[in-house]
Structures are given as structure tokens and as C-alpha cells.
Amino acid sequence: MLAVFSSSIVSPPDELVAAGSRTPSPKITSTALLKRFLGSDASAVSMQIGDHAQLAYTHHNQSVFRPRSFAVKDEIFCLFEGALDNLGSLKQQYGLGKSANEVVLVIEAYKTLRDRAPYPPNHVVSHLDGNFAFIVFDKSTSTLFVAADQSGKVPLYWGITADGYVAIANDSDLLKGACGKSLASFPQGCFFSTDDGELRSYENPKNKITAVPATEEEIWGANYMVEGVPVLAAVTK
């Protein structure tokens with residue numbers, strides 16, 4: 001799955017900007033990146049959302065245990081990969097029907113966050129039990145919400161394209177040739193929301209997260225720390 005957002009939706013994270021400027025490295029535009037993704041599989045699907053956001057996904061080569069899904073409801077778009085072990089109980093909690101799947105559940109959880117403010121945003125993710133990563137874009141408020149589970153079994157990466165778009169994907173190879181060294185693993189157990197513009201741990205949402213860049217010779221990566229405790233960031237290779 002792939003999502004690209006202009007700077008009018010999300011300001012590129014400072015860590016990615018700094019990493020990309022350390023050493024010149026090849027990049028391509030967000031449009032070229034999307035074309036590359038769509039050209040990799042004839043069944044790939046893309047969606048243009050307004051003037052500043054695009055989502056794309058394919059079921060090609062997906063894991064049987066961690067399928068990908070897409071849904072939209074009330075102008076809330078969601079890409080989801082993985083599976084929730086407690087989906088049944090969460091459907092009851094949110095009043096969803098038996099046929100509802102994970103991506104529908106995440107949209108409903110996000111709506112609860114949006115419509116019942118100041119509902120803590122970390123609760124949206126902390127109640128999810130399983131292996132997952134998801135990207136939510138709310139067109140009505142131009143809000144981006146991204147999260148990954150604590151196990152890291154569903155990888156997620158982000159970087160900056162040549163035209164300054166933030167690109168998020170589950171395939172590091174796809175972004176390596178598009179984002180140069182402004183590329184990093186999205187840290188497991190964390191979420192990012194443009195409502196506050198910060199990356200946070202959903203177990204310790206009030207604790208500051210810092211990122212230490214990799215050495216000059218490496219494709220950029222970082223060790224994310226929550227008040228001295230390593231969270232994650234695998235160095236991309």
C-alpha cells in the first residue's frame with residue numbers, strides 16, 4: 001500500500017528532512033512514485049483525494065495472515081494491512097455488524113476520536129490487539145492518522161519525494177528509489193497525527209520521542225527512544 005500527501009496536508013518530519021539533506025541522493029516525484037507502484041501490478045488501484053492526497057493498494061503478494069484492505073466512509077479513507085485478534089469484541093464495543101472487518105473498525109474508531117474530543121488519540125490504537133499498520137485520511141478535516149503495532153510484523157516506512165510530498169508505504173524498496181536518504185522505518189508501537197504534528201508512543205503518549213540518525217554511509221534509519229527506552233526503527237538497507 002502507498003499513500004502520498006502534499007505539504008498542505010502534512011509537514012515533512014524534521015528527521016526525514018535532515019536525513020535527506022545530509023548527502024545528495026536520487027529522488028523522484030510523487031507522481032512518478034505512484035506510476036511506479038501502479039506499474040508493478042496490473043490489479044493495483046489508486047484514488048486521488050482532492051488536490052493533495054493519493055492512496056493506492058494492491059492485494060498482490062499479500063500475506064494470508066496479514067491481508068490488505070481499503071474502505072471509505074463519510075469522507076474517511078483508510079488503508080489497512082494485518083489482522084486484529086480482538087476484532088469480535090471491538091465490533092461489539094463500536095456497535096458494528098458481524099460482517100465488519102478491520103478496516104471498517106479502524107474508521108469507526110477514528111470517528112469516535114474525531115467526534116468525541118477530547119477523547120485521547122492513543123486510545124484508538126491501544127485497544128487494537130494484533131499485527132497491523134494503517135493509514136487514515138479524513139478529507140473533511142484534512143487530517144492524517146498513521147499507526148503501527150508493537151510487534152513490527154507489518155512494516156511501514158515513510159520518506160520525502162523530490163517534490164516534497166510525504167510518502168508512506170509498506171515496501172521499503174518502493175521508497176528507496178523515490179525518497180533517497182529521507183527514508184526511515186515508521187516506529188512500531190507509535191502513531192502520528194497531523195492534529196498535533198507529533199510522533200507518539202500509544203502506551204506512553206505524553207513521553208517525548210527522539211530519533212538518532214544512522215551514519216552518513218547508511219541508508220537513513222533511526223533508533224526511536226521514548227524517554228530513554230528504545231521503541232524501534234529498523235535501519236533500512
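An unreviewed UniProt entry lists the protein chain under the name Aluminum induced protein with YGL and LRDR motif, with Heracleum sosnowskyi given as the organism.

A.B. asks: Mind showing me how you'd approach the sheet that holds strand β1 (residues 2–5) here?
C.D. replies: Hydrogen bonds between backbone atoms are what pair the strands of a sheet, whose relative direction is either parallel or antiparallel. An order of β2-β3-β1-β9-β8-β10 is seen for the six strands of this open sheet, with the pairing classed as antiparallel. On the outer flanks of this sheet lie β2 (45–49) and β10 (183–185), each paired with one strand and no other. Averaged over all pairs of adjacent strands, the angle between strand axes in this sheet comes to 15°, irrespective of strand direction. When strand β8 (residues 157–160) meets β10, the two strands line up antiparallel, connected through three bridges. Within the sheet, the bridge partner assigned to Tyr157 lies in β10 and is Ser185. Each of β1, β2, β3 (53–57) and β9 (166–169) touches helix α2 (residues 30–39); the most contacted strand, β1, lies at about 165° to it. On the sheet, helix α6 (residues 172–179) packs against β1, β8, β9 and β10 and is oriented at approximately 10° with respect to β8.

A.B. asks: When you look at the pairing of strand β11 (residues 190–193) in this model, what are you seeing that I'm missing?
C.D. replies: Two faces belong to every sheet, and in a regular strand the side chains alternate between them. Residues Cys190 and Phe192 of β11 are buried on one face, and the alternating residues Phe191 and Ser193, pointing to the opposite face, are buried as well. With three bridges connecting them, strand β7 (residues 143–148) and β11 associate as antiparallel partners. When the sheet's bridge partners are listed, Ala147 is paired in β11 with Phe191. As paired strands, β11 and strand β12 (residues 198–201) are joined by four bridges and run antiparallel to one another. In the strand pairing of β12, Cys190 is matched with Ser201. The antiparallel pairing of β11 with β12 creates a hairpin that spans four residues between the two strands, and Gly197 there sits at a positive phi of about 70°.

What counts and how
- Residues numbered from 1 in each chain as written.
- Predicted model: local features only at pLDDT ≥ 70, side-chain atom pairs only at ≥ 80, totals over all residues.
- Heavy atoms only, no water.
- Pairing = 2+ DSSP bridges.
- Helix = DSSP H or I, 4+ residues; strand = E, 2+ residues; numbered from the N terminus.
- Axes fitted to C-alpha atoms, helices over the stretch in contact; angles between N-to-C directions.
- Contact = heavy atoms within 4.5 Å.
- Buried < 20%, exposed > 50% of the residue type's maximum accessible area, 1.4 Å probe, protein only.

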